[in-house]
Amino acid sequence: MPATEFQASQISWMSRNKLVVMPWAFLIPALIFFAIYVVIPIFQSITLSFYEWNGLYDGDGNSTAIWVGFENYKRLWSDPKFWVSLKNNVLWLSLFMLAVPLGLFIALFLNQTVPGMRFYKSMFFFPFVISQVVVGLTFGWFYNPDFGVVGGLWKLAFCEETVNILGNVTFKCSRTPPDILSSSQYATYGIIAAGLWPQVAYCMILYLTGLNNVAVEQIEAGRLDGAKGWKMLWYLVLPQLRPATFIALVVTVIGALRSFDMIAVMTQGGPYGSTNVLSYYMFETAISEYGERYGYGSSIATVLFIIMLFFISYFLWRMYKDEKSVS
Amino acid sequence: MIHNTKTLLAGVAAAAFMVTGALADDLRINFDDLNPGPKKAFEDMVEMFKAENPEINVIVNINDREAHKTAIRNFLTADAPDITSWYPGNRMGPFVDAGLFEAVDDVWADAGFDEEMAAIKPTMTRDGKIWGVPYSYYQWGIYYRKDIFDLLKIAEPKTWAELMASCKVMNDNGVKPFTIGTKYLWTAAGVFDYINLRTNGYDVHNNLTAGKIKYTDDRIKQTFVNWKQMMDECGFVDNHASMSWQDALAPFANGDAAMYVMGNFAVGGMKDAGLTEEQIDYFQFPEITAGLPRAEEAPADAFFIPSNAKNKEDAKKFLAFVGRADVQTKMNAQIGQLPVNSKAEVSDNKFIQEGFATVSTAAGIAQFYDRDAPAAMAKAGMEGFQRFMLDPSSLDEILTELDRIQGEVYK
């Protein structure tokens, strides 16, 4: 019968090409979403960066954008706020790297068998679990010169309690307390310190899982050969932690480049734009209340994308190379 | 039984109406204040309108202020209501330029608003046409601790010199003259606007925010010289850059600081902070350049008709109603603000009374720096003001940078 014949040939085609078809079948849903939410918007945003647009459509639904060519990029070049943001991005990137060694040392410290260790481990991991917004708020209060921990300690050291003209309690300080988040010099460091807290926890957990897989025989052998302390760490433990280190570096670089929520919560880029990074400056120029310059914002996004692309291609290339050498 | 059948039929009819969707007589209004006072005032006003126009079916959609600011950018194109609330001055500029608002000159002419709301007319005008009808505004000025002034025997200063002298007395007695919280920037713009209005007058304010005067202009520099004097001889609270305007109420309420350059909405916050009406009072920002016509800051809220509205005829009826003196009297008594219509009456609250006396006699009404200047300029300008307050020595750098941005923003 022709129908069953046809079916049979279908099944055999499927079974013959199963290994080719099935991966695509599983990939397609993800690819569609990836295209809609990531790939296409990237090109849209690059296109938009050549326009000047306030985000509005006229009554008939036509966009009011005007083609300006490379004008937005020329403006970026002469915009001091762009350079401040870029400088802060570099600062974030370099200081955030501290999370990797700090995470490693906390992991080494916690990698012991002591009663209640699970509890301590979870306490160290805690900052990574809570939302970045909460971390930002907490640190914001911590730094507050009036009612924060910093302000409180300062009052203990340099201020005395008096009463003001109305008889209410007030403080007279011999030196004004440091206002970390309102100082254009220190505010960025203050936010990075807050950002490091959860990032260190993240690196720590990566290293803790890595340490579980360290070969005990090699350690034993090393110990017999007289390796201990730093040498043991450098020549025996760290090489085995290479995969963990690689992942920790990747997540830290990406975490530093996309730093946004902490800045939004703690300073909104202030005082006077001195804590902006590219991602926040992009948000501010494009979609915040005083922005509405979508073209200009897109040009910032494009620059940030190119920087990210550089790191991501490097990481992908590394991973590709590693996999090739394994197989 | 018959009665029951009737209500049943009415119910069925109503349901049928709902199913058929928007009728020609539907009037959809988007309003942007969820705070209990203004929301109630608006709803009562709509009830009044319904009673006068029973044939119009009013559908109200009230949103939060910040959400409204985002939503309006979409709904004006995609799904326009017949009326929406928005702000005059430069804030309506982008929508007018994109052709999203309907001109309402005929409403003004027919209802006689040209005379009754003459003071605000320039603010509602762009490209020679009028674009909306304002329903409320409020005064700015200096709010102060009357008990501290009485204790130090200081009278309300009328001139700049008197203000400086009063500040000296306060400083000598350990009271910080001014409180302010500049974390969200706009509070500093209020101070700048007032010193600029008093130093150079209304036209310079408008020309500056319209991009016709440079920031490095000598007149603007003089504004900053006066501001510097205010910082040196009066002084603002420390750490103002890490405080919101509400945070800055704390030293004011505690009696550590005595004055606050603010809008009338701050009175509510002051009362919430535990102060009574006897402890606080208001005076107009003192004169700086003698003989200059006194202009005031009074941001207004208004209603507009989107050009995509379906029922413009009834929308215009509603705008004419909103501008009427008796409607404005009633609504503003409830909100606790000033009616824009000069024929309207104000409530007997002392701040409203003083505010009305201040604003209705002003030679010009400014909206506020961030509403008169385009968004990108306003942001840069306000950051510049904050920077100046933190580091006055960087003034030249700030002004040069503002000139550069001015060159980009205005074309």
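Source: prediction; values computed, not measured.

### Observations concerning the sheet that holds strand 6 (residues 132–137) of chain B
Sheets are built from strands that pair by backbone hydrogen bonding, the pairs being arranged parallel or antiparallel. Residue and element names in this part refer to chain B. Strand order in the open sheet made by the five strands is 2-1-3-12-6, with mixed pairing throughout. In the strand order of this sheet, the two ends are held by strand 2 (57–62) and strand 6, each with one partner. Across the sheet, the mean angle separating the axes of adjacent strands is 20 degrees when strand polarity is ignored. Where strand 3 (residues 83–86) and strand 12 (residues 300–304) come together, three bridges link them in antiparallel fashion. Bridging from a neighbouring strand, Ser85 pairs with Phe303 of strand 12.

### A look at unusual backbone geometry
Note on backbone geometry: most residues besides glycine have negative phi, and most peptide bonds are trans. Residue Gln268(A) is not a glycine yet carries a positive backbone phi of 50 degrees. If you trace the backbone, Gln268(A) turns up in the loop between helix 13 (261–266) and helix 14 (278–286).

### Let's talk about the pattern of salt bridges
Applying the stated rule across the entire model yields 42 salt bridges over all chains. Close ionic contact of Glu55(B) with Lys317(B) constitutes a salt bridge, the shortest N to O distance being 3.6 Å. Linking Glu55(B) in the loop between helix 2 (36–52) and strand 2 with Lys317(B) in helix 15 (residues 312–323), this pair joins segments that are 262 residues apart in sequence. Residue class for Glu55(B) comes out partly exposed when judged on its relative accessible area of 44%. Residues joined in a network through salt bridges with shared partners are Asp79(A), Arg293(A), Glu401(B), Arg404(B) and Glu408(B).

### Focus: the state of the cysteines
Chemically, a disulfide is nothing more than a covalent bond linking the sulfur atoms of two cysteines. All names here are of chain B. Throughout the structure, instances matching the rule amount to two disulfides over all chains. Here Cys167 pairs with Cys234 through a disulfide, and the sulfurs are 2.0 Å apart. Its S-S torsion of approximately 85 degrees makes the covalent link between Cys167 and Cys234 right-handed. Residue Cys167 is located in helix 9 (residues 160–172), and its partner Cys234 is located in helix 12 (residues 218–234); the two are separated by 67 residues in the primary sequence.

### Quick word on the packing of helix 9 (residues 187–212) of chain A against helix 12 (residues 242–257) of chain A
Residues and elements named next belong to chain A. With their axes 9 Å apart at the nearest point, helix 9 and helix 12 run at an angle of 160 degrees to one another. Viewed along their axes, helix 9 and helix 12 adopt a mutual orientation that is roughly antiparallel. Seen along the crossing, helix 9 lies across helix 12 with a hand that is right-handed. Contacts from Gln199, Tyr202, Cys203, Leu206 and Tyr207 in helix 9 reach Ala244, Thr245, Ile247, Ala248, Val251 and Thr252 in helix 12. Considering only residue class, the contact of helix 9 with helix 12 consists of eight nonpolar, three polar and no charged.

### Structural notes on the interface of chain B and chain A
Across the contact, 44 residues belong to chain B and 39 residues belong to chain A. The junction of chain B with chain A conceals about 3400 Å² of combined surface from both sides, 50% of it contributed by carbon and sulfur atoms. On the surface where chain B and chain A come into contact, there are seven salt bridges. Arg91(B) serves as the salt-bridge partner of Glu289(A), at 3.0 Å between the closest nitrogen and oxygen. Taken together, the connections running from chain B to chain A amount to 19 residue pairs in polar contact (both at pLDDT 80 or more). The set of elements that each furnish at least two residues to the side of chain B that touches chain A consists of helix 3 (65–78), helix 4 (93–97), helix 8 (146–151), helix 13 (249–254), helix 19 (375–390) and helix 20 (395–409) of chain B. Counted by class, the side of chain B that touches chain A contains 17 nonpolar, 10 polar and 17 charged residues.

### Observations regarding the packing of aromatic side chains
All chains considered together, the criterion is met by 66 aromatic pairs over all chains. On the numbers, 6.3 Å between centres and 45 degrees between planes, the contact of Phe149(B) with Phe283(B) is tilted. Highlighted residues: Phe149(B) in helix 8 and Phe283(B) in strand 10 (residues 280–283), separated in sequence by 134 residues. Judged on exposure class, the residue Phe149(B) and its partner Phe283(B) are both buried. Here the aromatic residues Phe31(B), Phe42(B), Phe49(B), Tyr135(B), Phe303(B), Phe318(B) and Phe321(B) are joined through ring pairs into a cluster of three or more. Taking NZ or CZ as reference, Lys155(A) lies 4.6 Å from the ring centre of Phe171(A), over its face.

### Thoughts on the environment of Ala103(B)
Residues and elements named next belong to chain B. Note that Ala103 resides in the loop between helix 4 and helix 5 (105–111). Residue classification places Ala103 among the partly exposed positions, given a relative accessible area of 23%. The spacing of Ala103 and Pro36 is 67 residues in sequence and 31 Å in space, taken between C-alpha atoms. Discounting residues that sit within four places of it in the chain, Ala103 has contacts with Lys129, Ile130, Trp131 and Lys316.

### Section: the layout of surface pockets
Considered as a void within the structure, the second largest pocket measures approximately 850 Å³ in volume. For the second largest pocket, the lining is made up of 29 residues, of which Asp146(A), Thr170(A), Phe171(A), Pro251(B) and Asp256(B) are closest to its centre. The set of elements that each furnish at least two residues to the lining of the second largest pocket consists of helix 8 (149–158) and strand 4 (169–173) of chain A together with helix 13 of chain B. If you tally residues by element for the lining of the second largest pocket, the top one is strand 4 of chain A, at four residues. Taken together, the residues that form the lining of the second largest pocket break down as 12 nonpolar, nine polar and eight charged.

### Here we look at the domain arrangement of chain B
Residue and element names in this part refer to chain B. Domain parsing of chain B yields domain 1 (17–136 + 300–366) and domain 2 (140–297 + 374–409). Placing the centre of domain 1 and that of domain 2 at their C-alpha centroids yields a distance of 30 Å. Opposite the 15 residues of domain 1 that make contact, domain 2 presents 17 residues. When the buried area of domain 1 at its contact with domain 2 is split by residue, Phe351, Thr358 and Ala366 rank highest and sum to 42% of it. On the surface where domain 1 and domain 2 come into contact, there are zero salt bridges. At the boundary of domain 1 with domain 2, the tally comes to nine residue pairs in polar contact (both at pLDDT 80 or more). Within the residue set of the side of domain 1 that touches domain 2, elements represented by two or more residues are helix 17 (350–360) and strand 13 (364–366). With six residues, helix 17 is the single largest residue contributor to the side of domain 1 that touches domain 2.

### Structural notes on the pairing of strand 3 (residues 159–163) of chain A
Residues and elements named next belong to chain A. In the sheet, strand 3 pairs with strand 4 via five bridges, with the strands oriented antiparallel. Bridge pairing in strand 4 places Thr162 opposite Thr170. Hairpin geometry of strand 3 and strand 4 is characterised by an intervening segment of five residues between the two adjacent antiparallel strands and by a positive phi of about 85 degrees at Gly167.

### A short note on helix 4 (residues 80–96) of chain A
Residue and element names in this part refer to chain A. Here helix 4 spans 24 Å end to end across 17 residues, near enough to the 24 Å set by a 1.5 Å rise per residue. Inspection of helix 4 places Lys81, Phe82, Ser85, Asn88, Asn89, Leu91, Trp92, Leu93 and Phe96 among the buried residues, and these make up the whole buried set. Residue Asp79 occupies the N-cap position of helix 4, its side-chain oxygen lying 2.9 Å from the main-chain nitrogen of Lys81.

Procedures and definitions
- Residues numbered from 1 in each chain as written.
- Chains lettered and ligands numbered in written order.
- Predicted model: local features only at pLDDT ≥ 70, side-chain atom pairs only at ≥ 80, totals over all residues.
- Heavy atoms only, no water.
- Pairing = 2+ DSSP bridges.
- Helix = DSSP H or I, 4+ residues; strand = E, 2+ residues; numbered from the N terminus.
- Axes fitted to C-alpha atoms, helices over the stretch in contact; angles between N-to-C directions.
- Salt bridge = Lys/Arg side-chain N within 4 Å of Asp/Glu carboxyl O.
- Buried < 20%, exposed > 50% of the residue type's maximum accessible area, 1.4 Å probe, protein only.
- Disulfide = S-S within 2.5 Å.
- Parallel < 35°, antiparallel > 145°, perpendicular 65-115°, else oblique.
- Left-handed = near helix turned anticlockwise from the far one by under 90°.
- Contact = heavy atoms within 4.5 Å.
- Nonpolar A, V, L, I, M, F, W, Y, C, P; charged D, E, K, R; others polar.
- Buried area = accessible area lost by both parts, 1.4 Å probe.
- Polar contact = N/O pair within 3.5 Å; in protein donor to acceptor, adjacent residues only side chain to side chain.
- Phe/Tyr/Trp six-rings, centres within 6.5 Å; stacked < 30°, edge-to-face > 60°.
- Lys NZ or Arg CZ within 6 Å of the ring centre and 35° of its normal.
- 1 Å grid on protein atoms, 1.4 Å probe; cavity = no way out; pocket = protein on both sides within 12 Å on 5 of 7 lines; lining within 4 Å.
- Points joined across faces, edges and corners; volume = space filled by probe spheres on them.
- Domains from an automatic or database assignment.
- Expected span 1.5 Å × (residues − 1).

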